[in-house]
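Results of the structural survey
Residues per chain are reported as follows:
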Amino acid sequence: MSEVKAPSENGFFLRAERITKVYSDGTVALKEASLEIHPHEIIGLLGENGAGKTTLTKILSGLLPPTRGRVISPKGAVRFSSPREAFDFGIGMVHQHFALVGMFTAAENVALSFERPFSRLQLTKTIEDLEALMEESGLQVPLDVPVEKLSVGEQQRVEVLKVLSRDVDLLILDEPTSVLTPLEVDELFSLLRRLRDAGKSIILITHKLKEVQDVTDRIVILRQGEIVGDVQTAEATTERLAQLMVGHAMKQEVDAVELSDHELPVRKTHKAVDRSGRSILHVENLTARGNTRDIAVDDVSFDVYAGEIFGIAGVEGNGQSELVESLTGLRVPTSGIATINGANILGVDPRQIYRLGVAHIPEDRLELGLVLPFTLAENAILGVHRWKEFRGAFSILKWRSINQHVRELMDRFEIRAAGPNAPAKSLSGGNQQKLIVGRELAKDPAVIVAAQPTRGLDIGSAYYIRQTLLDMRGKGRAILLVSADLDEVLAYADRVAIMYEGKFMEVCSPDELNRERVGMLMGGVTAAREIA
Amino acid sequence: MSIKEAQQQSRLLRGIHRTLTGLHPVLESLIAALVGLLVGAILMYTWGFDPWKAYFALIQGAYGGSYEWASSLSRATPLILTALTFSICLRAGMFNIGAEGQMYMGAIAAVCITYFTLPPGLHHIVGLIFAATVGAAWSLVPAALKLMRGVSEVISTIMFNWIARWMALYLAIYVLVDPMRAEKTLSIPLTARFPILVPRTDLSYGIFVSIAFALFIYFLLWHTTTGYELRAAGLNPSAARYGGIRTKRTMFLSFILGGIAAGLAGATIVMGLPPTYAIYGGGGLPQLLNMGFDGMAVAMVGRNHPIGIIVAAIFFGGLNAGGRVMQFYGSNPVPLEMVRVVMGAIVLAMSIPELIRLFPMAKKGGQNLIRSLRRTTRSAPEEESA
């Protein structure tokens, strides 16, 4: 507490009281989260994907109304109906994806944020103000160049300037370092410290443990919508943070068993893999770029053997999606080799990849896995619609055998739906996923690429899908399991790779890992410290 | 407890939303048609006409007897085909506004068969193939521009409509012109004219070309893998790609099919419309004008379904046919333009749900309004207690 310019008991700037947020689709993003923000402090908001970090800050900055609870300031309760109101109150947010007009200069972009309908554009005044501000903050940006010509780090500085020029008291930064070079990160952090010393409050959203320990005064840890920790940075250890972030043992799984009459889930299911066996999926030095053209998968090599589940854990956005897309024909990688039973699969049409025996359970089941307005039957043949079973002469669809196939899938995979002609969008999330899993496994594949196969599912469906994957392993299939759910990967994978910024931090058996270590690896801490 | 309540509340809202948006498409089209007729009635009333009498005349003129039915169906013939042009492409995720131009080119191609003689039957088929090929070829250029250079098909098809229009006009006036009658092109020879289906009307066997093509498209879309791929690509291109469907190919195919339909529409007009079986160059191609654009309205009311399109085309054909009767109806002569007003109002009414979906702004504005209303009603008692 000593190095923090100690806030007095009532000297808070903003206080969120028991905020609950339920999205319109029924997702509970925040549960009774309370947070007090003082002047003169940098708060690190730490948590896995979907922990509620972004929701909390969106509520603080007026982008979202809370379902329950309130935000109060010393002046009384505040409720923003727009980001502009929050701005006027003194809260500014720098988003992960910049909100800049590419063809405008930095000055024009800042002037734009002051725009009201029919107000006069005061560009000269903005430039003068900005120059003063750049002098004061030490943030240097060329003002007369279109921002699309600037580097990402400079663009971020424009965003920060935009917020600072509104004279905010609370600055929220969402994953600001993910796009910066190490030098730029240092510059950003020294700026944040200066701003803190000048009396501002700063909230830094991140999942990188090292950064949060470097720069913050206080760390708030969110897990599954709840604030599970609020610690002074000086008192926090990396292990403790990692543990808080990823949570304790598989509580959910135990609940599942009590809820259903299934036999005990195979905990610690992993087995030693016979490496002398056949490598089905072989990947060597794979490098791929993401949608923003920067390297997303960085020189990754691995093999998946027959009868093995190879798990990839890590915080989302560290290249897992791009890796999966590269292996399933949806993304053309920059370099590297990937083969299935010796046949090349890089830069090949998905149709040909399926012919080699690949099943792909996609991460985004609504966007990729299903055509939602299509019926169950139509979705059940997506990707296999050209099979002889379903396609007769003149490419006429054999609806009778398709419908029979769907009924079999519905029986075998316990898909609850009105019938083969029910639209896929009428199904619950769990049934939609079972439909995808059923469709993909009906291909009788050699390799199964399962990306986040149980995300957002109810416990019963998740359990069922995991069991199905285990069955497939028993049948000698090679399974690549990519999941942000650490419990899932640790419990079901035979080998685990932890992915961070496009690279595998470590590949080992889950027995060699404990949660603290995984948490640190996921946060990019490599320091090989043995933990008892 | 509170979370459960909130979840229940959101479930209720979703239920209401689903009921509103899940209105059966047929019902939605019917409501739109009624709204259109109602708007027309209000306008007629304002201008001092009797809407009841006018609509009586309209319906009499459209479906009052076999002659009336025949003229309605005759007017529906090209509309079915141009509507299919729009629908096939929309099903594949492309916005093809080019039916008008493709139809002009098809009609011109059909006139060209006057230059050679063939036995009847074969001559018909050659005429249809000519028109279909030229219509498809005309649509391929925008399709290729879209797929190779990313040119918006909306812009390019609109521009191609103008090119086609003036080219067709030039050809009709200077090249294919009838030397005896300068206002029209050469007439289709007897061996290639579609015979009249109902004597003393202008309904020819051309209607069967339209209906057969509509049924073919229905079968293609819902009973073949080709159609399956086309629909999948239109509804969700990324899922289609994931499913191993080559979306560029399906889009290309949709343009070809659309071009064929539009070309055939041109052919049915030229080869099946008595008395002249020719294109009038004078007055700016009056027989062809707007048939492509009206087809888009038909496609909307027909919900982009081939069977729906047949019904909607008969309705629009009936409006056109009945409108002529309406304007001569005894003491209550409502101008023919009123029919176009009704058509316009129907299209607008049809597009309102689409518009709401298109503009999340409007939706958000509505939500904000509701929220602020709710807040004012809720905060009032709170203030009292405080």
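Keep in mind it's a predicted model, so treat the numbers as computed, not measured. All residue numbers refer to position in the chain's written sequence, counted from 1. Going through the entries in the order they are written, you letter the chains from A and number the ligands from 1. Only residues with pLDDT of at least 70 are given local features in this predicted model, and only at 80 or more are side-chain atom pairs given and counted; all residues enter the totals for whole chains, interfaces and linings. Just so you know, side-chain values use all the structure's heavy atoms and leave hydrogens and water out.

1. A word on the overall build of chain B
If you tally the helices and strands in chain B, you get 15 helices and zero strands. A 1.4 Å probe rolled over the protein chains alone gives each residue an accessible area, and that area as a share of the maximum for its type sets the label: buried under 20%, exposed over 50%, partly exposed in between. Relative to its 386 residues, chain B shows a buried fraction of 47%. Per-residue accessibility takes into account occlusion by the displayed protein chains alone, with areas from the Shrake-Rupley method and a 1.4 Å probe. Surface summary for chain B: the accessible area is close to 18600 Å², and the carbon and sulfur share equals 71%. Elements are defined by DSSP. Helices are runs of H or I of four residues or more, strands are runs of E of two residues or more, and each kind is numbered from the N terminus.

2. Considerations on a nonpolar patch on the surface
Residue and element names in this part refer to chain B. Patches in this entry comprise residues that are over 30% relatively accessible and not in a salt bridge; like charges within 9 Å are linked, as are nonpolar side chains (Val, Leu, Ile, Met, Phe, Trp, Tyr) within 5 Å. Criterion for a salt bridge: a side-chain nitrogen of Lys or Arg within 4 Å of a carboxyl oxygen of Asp or Glu. Among the surface-exposed residues, V26, L27, L30, I31, V35 and V39 lie close enough to one another that they form a single nonpolar patch of about 470 Å² accessible area. On the secondary structure map, L27 appears in helix α2 (residues 25-46). For L27, a relative accessible area of 39% translates into the label partly exposed.

3. What about helix α7 (residues 153-175) of chain B?
Buried residues of α7(B): E153(B), S156(B), T157(B), F160(B), N161(B), A164(B), R165(B), A168(B), L169(B) and A172(B), and no others. Note on contacts: a residue pair is in contact if any heavy atoms of the two residues lie within 4.5 Å. Contact partners of the buried residues in α7(B): α5 (99-112), α6 (122-149), α11 (247-272) and α12 (291-301) of chain B.

4. Quick word on unusual backbone geometry
Backbone geometry follows two general trends: most residues other than glycine have a negative phi, and most peptide bonds adopt the trans configuration. Cis geometry is found at the peptide bond from P274(B) to P275(B), where omega equals 5°. Relative to the assigned elements, P275(B) resides in the loop between α11 and α12. Backbone geometry at N285(A) places phi at a positive 50°, although glycine is not the residue there. Secondary-structure assignment places N285(A) in strand β11 (residues 279-289).

5. Description of the pairing of strand β3 (residues 41-47) of chain A
Residues and elements named next belong to chain A. Most of β3 sits inside the fold, with seven of its seven residues counted as buried. In this sheet, strand β8 (residues 201-206) lies alongside β3 in parallel orientation, the contact comprising six bridges. Note on β8: the bridge partner recorded for L45 is I205. As defined by bridge partners, β3 adjoins strand β9 (residues 218-223) across five bridges and the pair is classed as parallel. Note that in β9 the partner of L46 across the bridge is I221. In this analysis, strands are considered paired if DSSP registers two or more bridges between them.

6. A few points about the side chain of N161(B)
Residue and element names in this part refer to chain B. By secondary structure assignment, the location of N161 is in helix α7. Here I97 takes part through its backbone oxygen, which lies 3.0 Å from a polar atom of the side chain of N161. When residues no more than four places from it in sequence are discounted, the contact partners of N161 are I97, G98, A99, E100, G101, Y104 and F293. Here a polar contact is taken to be a pair of N or O atoms separated by no more than 3.5 Å, where protein atoms must pair a possible hydrogen donor with a possible acceptor and residues adjacent in sequence count only if both atoms sit in side chains.

7. A word on the interface of chain A and chain B
For interface size, the figure often reported is the accessible area lost on association. If you look at the interface, chain A gives 43 residues, while chain B gives 28 residues. Buried surface area refers to the total accessible area, computed with a probe of radius 1.4 Å, that the two partners give up upon joining, counted for both partners together. Counting the surface chain A buries against chain B, the share from its top three residues, R351(A), F374(A) and H385(A), is 17%. Here chain A is connected to chain B by four salt bridges. As a salt-bridge pair, R351(A) and E229(B) come within 3.8 Å of each other at their nearest N and O atoms. Each residue receives one of three labels: charged for Asp, Glu, Lys and Arg, nonpolar for Ala, Val, Leu, Ile, Met, Phe, Trp, Tyr, Cys and Pro, and polar for the others, Gly being one of them. For the side of chain A that touches chain B, a count of residues per class yields 21 nonpolar, 10 polar and 12 charged.

8. Digging into the packing of aromatic side chains
When two rings of Phe, Tyr or Trp (its six-membered ring) have centres within 6.5 Å they constitute a pair, described as stacked for plane angles under 30 degrees, edge-to-face for angles over 60, and tilted for the intermediate range. All chains considered together, the criterion is met by 16 aromatic pairs over all chains. Put simply, the rings of F302(A), F310(A) and F504(A) touch in pairs and so form one group of aromatic residues. One residue, R166(A), lies across the ring of F87(A), its end atom 4.4 Å from the ring centre. The lysine or arginine in question, R165(B), covers the ring of W166(B), its NZ or CZ lying 5.8 Å from the ring centre. Whether a charge lies above a ring is judged from NZ of Lys or CZ of Arg, which has to be within 6 Å of the ring centre and within 35 degrees of the ring normal.

9. Here's the deal with the pattern of salt bridges
Residue and element names in this part refer to chain A. A full pass over the atoms with the stated rule returns 33 salt bridges over all chains. In this structure, K443 and E440 form a salt bridge, with 2.7 Å as the shortest nitrogen-oxygen distance. A relative accessible area of 12% places K443 in the buried class. Judged by its relative accessible area of 0%, E440 is buried. One connected set of salt bridges, linked through shared partners, spans R15, E17, E36 and R70.

10. Considerations on the packing of helix α3 (residues 51-63) of chain B against helix α13 (residues 306-326) of chain B
Residues and elements named next belong to chain B. To obtain each axis, a line is fitted to C-alpha atoms, and for helices this fit is confined to the stretch in contact; angles are then taken between N-to-C directions over 0 to 180 degrees. Relative orientation of the contacting elements α3 and α13 amounts to 115°, with a least axis distance of 7 Å. The two elements α3 and α13 cross, and the hand of that crossing is right-handed. Of the residues in α13, those in contact with A54, A57, L58, G61, A62 and Y63 of α3 are I314, F315, G318, L319, A321, G322, G323, V325 and M326. The residue makeup of the contact of α3 with α13, split by class, is 11 nonpolar, four polar and no charged. We call a crossing left-handed when the near helix sits turned anticlockwise from the far one by less than a right angle, and right-handed when that turn is clockwise.

11. A short note on the packing of helix α4 (residues 66-91) of chain B against α13(B)
Between two packed helices, what matters for the description is the angle formed by their axes and the separation of those axes. Residues and elements named next belong to chain B. At a minimum axis distance of 6 Å, the contact between α4 and α13 shows a crossing angle of 135°. With respect to α13, the axis of α4 lies oblique. Handedness of the α4/α13 crossing: right-handed. Between α4 and α13, the contacting residues are Y67, W69, S71, S72, L73, R75, A76, L79, I80, A83, L84 and S87 on the first element and P306, I309, I310, A313, I314, F316, G317, G318, N320, A321 and R324 on the second. Of the residues contributing to the contact of α4 with α13, the split by class is 15 nonpolar, six polar and two charged. Each angle is binned into one of four classes, with values under 35 degrees roughly parallel, values over 145 roughly antiparallel, values of 65 to 115 roughly perpendicular, and all other values oblique.

12. A word on the environment of A484(A)
Residue and element names in this part refer to chain A. Structurally, A484 can be placed in the loop between β18 (478-482) and α17 (486-492). Along the chain, A484 and E48 lie 436 residues apart, while their C-alpha atoms are 8.3 Å from each other. Setting aside chain neighbours within four positions, we find A484 in contact with E48, G314, E316 and Q452.

13. What about the nonpolar core?
Take the buried Ala, Val, Leu, Ile, Met, Phe, Trp, Tyr and Cys residues and link them wherever side-chain atoms come within 4.5 Å; each set so joined is a nonpolar core. Counting residues in each nonpolar core, the largest one holds 79 residues, and the members touching the most others are L84(B), I279(B), L285(B), L288(B), V298(B) and M326(B). Leaving out residues up to four positions away in the same chain, L285(B) has contacts with Y104(B), R165(B), A168(B), L169(B), A172(B), I279(B) and Y280(B). Among the nonpolar cores identified, the runner-up in size contains 63 residues, and V406(A), L441(A), I498(A) and M522(A) belong to it.

14. Looking at the confidence of the model for chain A
All names here are of chain A. Of the residues in chain A, 89% reach a pLDDT of 70 or more, and the chain-wide mean stands at 82. Low pLDDT, under 50, characterises residues 1-9; the stretch is placed with nine contacts to residues that sit more than four places away or in other chains. Confidence scores here are pLDDT values: one per residue, from the predictor, ranging 0 to 100. Every residue in residues 249-268 is under pLDDT 50, and counting partners more than four places away or in other chains gives 27 contacts.

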